[in-house]
Amino acid sequence: MPKILILDPIAQEGLDLLAKAPGITHEVRTGLKGDALKKALAEADGAICRSGVTITAEALEGNRRLRAIARAGVGTDNIDKEAATRLGIVVMNTPTGNTLSTAEHTFTLMLALSRRVAEAYHTLLAGKWDRKTFMGTQLADKTLGIVGLGRIGQEVAKRALAFQMRVLGYDPFLSAEGAAKLGITRVERVRDMLPQIDYLTVHTPLTPETTNLIDREAIALMKPGVRLVNCARGGIYNEEALVEGLKSGKLGGVALDVFREEPCTASPLFGLPNVLCTPHLGASTEEAQTQVAVEAVELLINYFTKGEVRHAVNMAAIDPKTLEAIRGYLDLAYRLGLLMAQWHPAGASACHLVYRGELTKKNTKLVTAAFCAGLLERALEEDVNIVNSELLLRERGIKLTEHSRSEPGAFSSSMTVEVESGGQKFEAGGTLFGNNMPRLIRLGESRLEAYLDGKLLVFTHNDVPGIIGAVGTIFGNHRVNIAQMAVGRAAPGGSAIGVLNLDSLPPAAALAEVSGHKDIQSVRVIELPPAGQLPTWLRG
Ligand code: NAD
Ligand code: MLT
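About the criteria used
- Residues numbered from 1 in each chain as written.
- Chains lettered and ligands numbered in written order.
- Predicted model: local features only at pLDDT ≥ 70, side-chain atom pairs only at ≥ 80, totals over all residues.
- Heavy atoms only, no water.
- Helix = DSSP H or I, 4+ residues; strand = E, 2+ residues; numbered from the N terminus.
- Rg over C-alpha atoms; globule rule 2.2 N^0.38 Å.
- Contact = heavy atoms within 4.5 Å.
- Areas by Shrake-Rupley, 256 points an atom, 1.4 Å probe, with all protein chains shown as cover.
- 1 Å grid on protein atoms, 1.4 Å probe; cavity = no way out; pocket = protein on both sides within 12 Å on 5 of 7 lines; lining within 4 Å.
- Points joined across faces, edges and corners; volume = space filled by probe spheres on them.
- Nonpolar A, V, L, I, M, F, W, Y, C, P; charged D, E, K, R; others polar.
- Pairing = 2+ DSSP bridges.
- Axes fitted to C-alpha atoms, helices over the stretch in contact; angles between N-to-C directions.
- Disulfide = S-S within 2.5 Å.
- Buried < 20%, exposed > 50% of the residue type's maximum accessible area, 1.4 Å probe, protein only.
- Near = heavy atom within 4 Å.
- Polar contact = N/O pair within 3.5 Å; in protein donor to acceptor, adjacent residues only side chain to side chain.
- Sits in = over half its atoms within 2 Å of the grid points.

> So what's going on with the overall build of the chain? Which residues, and what values?
Within the chain, the secondary structure is distributed over 17 helices and 22 strands. On C-alpha atoms alone, the chain measures out to a radius of gyration of 30 Å, which is more than a quarter above the 24 Å that the 2.2 N^0.38 rule sets for 540 residues. When the backbone C-alpha atoms are referred to their principal axes, the chain occupies close to 105 × 50 × 35 Å. The long-range fraction of contacts in the chain, counting pairs at least 24 apart against all pairs at least 6 apart in sequence, stands at 66%. Here the chain displays about 25000 Å² of accessible surface, and carbon together with sulfur accounts for 52% of that area.

Following this line, the structure appears as C-alpha cells:
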C-alpha cells in the first residue's frame, strides 16, 4: 500500500481527497529537516511539499523506496531534482494552480507601492492624519517592463494593458510576433528595456542567468524613480543594490514577495521608505491553495494507481494513452540497449539514434530514454529507468544524439542505434511486428530478421556453406535447443552474422567449439528478457 508523506501544510481539500483514496495511506509531518526528513522520506512512496521543506541530495541519499514527489505549486527549486532523477524519483508540480493569484499579487504590490498604502496606514495607526506625504502616481500611461513572459508574466501583461500601461517584455522563448499578439513590445535584451520603464516586474525562475539579473549596473541604466516588483524568486534582484538604489533616491520604490534567504524576518530593506514586502504570499489565496493541493494529491493518486506521470519536471510527461501507444517501441529500444551493452561491452563514448517512418510522429525522446536505460542497466548498481537513464548516461560523459527521418525505409517504422566504443562504431536496427513484438532487423552491416528476446547467440562468420549446419551440430551434441535462427549479410561471399535464440545458456565447451570453427570470427552470448516481459518502469 503506497504511503504518502505531506511535508508542508496543504489545503484540507487535498487531505480529504487523500483520505478517500483507496489503497493509499498518508501521514502529515511538517517542519522536518536533516536526519528526521531523510528517515521519513525513506519510509514513504510519495511526498507532497510546498516551498517550506528543502529536499536535498542528502535527504534522498540511499532512498530505495520513494518513487514520486509532487510540489503543490510551481517552483521546484527546493528539491534537488538531479538527485531525484538519479534515484529514478519523478518530481511533478502543479504549474497553473497559482498563476492568477500570483499575477494578482504582483498587481496588488504595484498599486500599493504606487499609492504608498502600507506606509499611509502605519501613520494612521500612529494616530496621524497625513494627506501630504503620500503623494502617489497612477499606472495609466506608464511603461511596465516584464522579464519572463510565461504563465504569470502573461497574466500580469494582460492586467497591465487593462490599466492602460504600455508593456515591454523580454523572454528568450517569446518571439516578437508572439509578443505583439499579446499587446507587448518585445525587446532583444533586458538592458534594452531598462532606460524606458517606470515599473519592472520579473516572472522567471531563479537560474544562473537570472540570479542578480537586476544589480547595481542594471539599476544605473534605469530612469530615476522607477519602481521594482518581485513576486517570482528572491535573488533575481540583488538586495544590496536595491538598498543602495532606494537610499540614493534612484529607485522610486521596491516591493518584494520573495527573498534571497527565506524565511526572511530581518532585512536592511525593511522600514526604508517606499518599500513594501510580503512573506511569500503570491500563491496564498484560498482558490490557489485549494487548487494546488488537490492537483498535487491527484498527481500522486494517479501515479500510484494508474502509473500516470503528468507535469513531471525531471522527465518527459507521459500519460497512460501515450504510454500505451509507444510501449512496444519503448520495449524495442530498451532491448536494443541491452543488446548493445552485451554485444560490445567496452565503454561507449557516444550513442546516435535514428528514427524512421511512423515512429517519428511519436514521443521519440522517451524511446531514446528507454534505449539508454537498457544500455546502462547491467552496468550500474543503482536502478536505471526512463526517468534517470539519460542523465546517468550523460554523467558518464557519453554523448547522446537523436535524429528523425520521416520517410519509412523497408518497414513502416524502425529505429537504428549506433554506439561508438573504442574508436569503432557498432550499429543495430529494430522494428516492431504488431504492437508488441520487437525484432532485430540489422546488426552491423548485415540485414536479418531475428527475435529480440531470451538467450541469444550472436556470431560473425565468413559467408561460406556449412556454417549453420556446423553450429547446429555442436549445440545438438551439447543438448542446447535452438528455438529460432536468423542469418544475415551485407553482400554474398563476405562477412555474415548469425543470431540464434536458444532455450538454455550454452555451456562453455559448446561456445569454445563454435569459436574454434575456422570460418567463425566472433561469438557472443546475449541475455534479453523473455518475450513480453517488461521492465518495472514500463508495466501498465
Ligand atoms: P513559467 O515557467 O510559466 O514562466 C517562466 C518564464 O521565464 C518562461 O517563459 C521562461 O522562458 C522565462 N525565462 C526563463 N529564463 C529567462 C531569462 N533568463 N530571461 C527572461 N525570461 C526567462 O513560470 P510561471 O508559472 O510564470 O512562474 C514564474 C515564477 O514565479 C517562477 O519562479 C515561480 O516559482 C514563481 N512563483 C512565485 C509565486 C509566489 O508565491 N510568489 C507563486 C507562483 C510562482
Ligand atoms: C510557487 O512556486 O508555486 C510559489 O512559490 C508558491 C508557493 O510557495 O507554493
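> Describe in detail empty space enclosed by the protein, supporting the description with residues and values.
Applying the stated criterion across every chain, the model contains 1 cavity of 30 Å³ or more. As for the largest cavity, its lining consists of Ala112, Leu113, Arg116, Ala118, Glu119, Asn274, Val275 and Leu276. When contributions to the lining of the largest cavity are tallied by element, the ones reaching two or more residues are α5 (99–114), α6 (117–125) and β12 (275–277). Broken down by class, the residue content of the lining of the largest cavity amounts to 5 nonpolar, 1 polar and 2 charged.

> So what's going on with the sheet that holds strand β4 (residues 68–71)? Residues and values would help.
Across the sheet, 5 strands lie side by side as β2-β1-β3-β4-β5; this open sheet has parallel pairing. Bordering the open sheet on either side are β2 (25–28) and β5 (90–93), each of which pairs with just one other strand. Across the sheet, the mean angle separating the axes of adjacent strands is 20° when strand polarity is ignored. Bridge count for strand β1 (residues 3–6) against strand β3 (residues 46–49) is 3 bridges, and the pairing is parallel. Note on β3: the bridge partner recorded for Ile6 is Ile48. Sheet contacts for helix α1 (residues 12–20): β1 and β2; angle to β2, the most-contacted strand, approximately 145°. Sheet strands in contact with helix α12 (residues 286–306) are β1, β3, β4 and β5, and its direction is about 170° off that of β3.

> Before we move on, could you go through the state of the cysteines and cite the residues and values that matter?
When the sulfur atoms of two cysteines share a covalent bond, that bond is a disulfide. All chains considered together, the criterion is met by 0 disulfides. This cysteine, Cys277, is not joined by any disulfide, and Cys264 carries the nearest cysteine sulfur, 7.5 Å off. Taking the relative accessible area as the measure of exposure, Cys277 reaches 26% and is therefore partly exposed.

> How would you sum up the site of ligand 1? Please name residues and give values.
If you check the shell around ligand 1, you find 27 residues, and the closest are Arg151, Ile152, Asp171, Thr204 and Cys231. Here Ile152 contributes a backbone N or O atom positioned 2.9 Å from an oxygen atom of ligand 1. His280 places a side-chain nitrogen or oxygen 3.3 Å from an oxygen atom of ligand 1. Here ligand 1, which alone exposes 860 Å², has 86% of that area covered by the protein. Because more than half of its atoms lie within 2 Å of the grid, ligand 1 is assigned to the largest pocket. Partitioned by chemical class, the residues of the shell around ligand 1 number 12 nonpolar, 10 polar and 5 charged.

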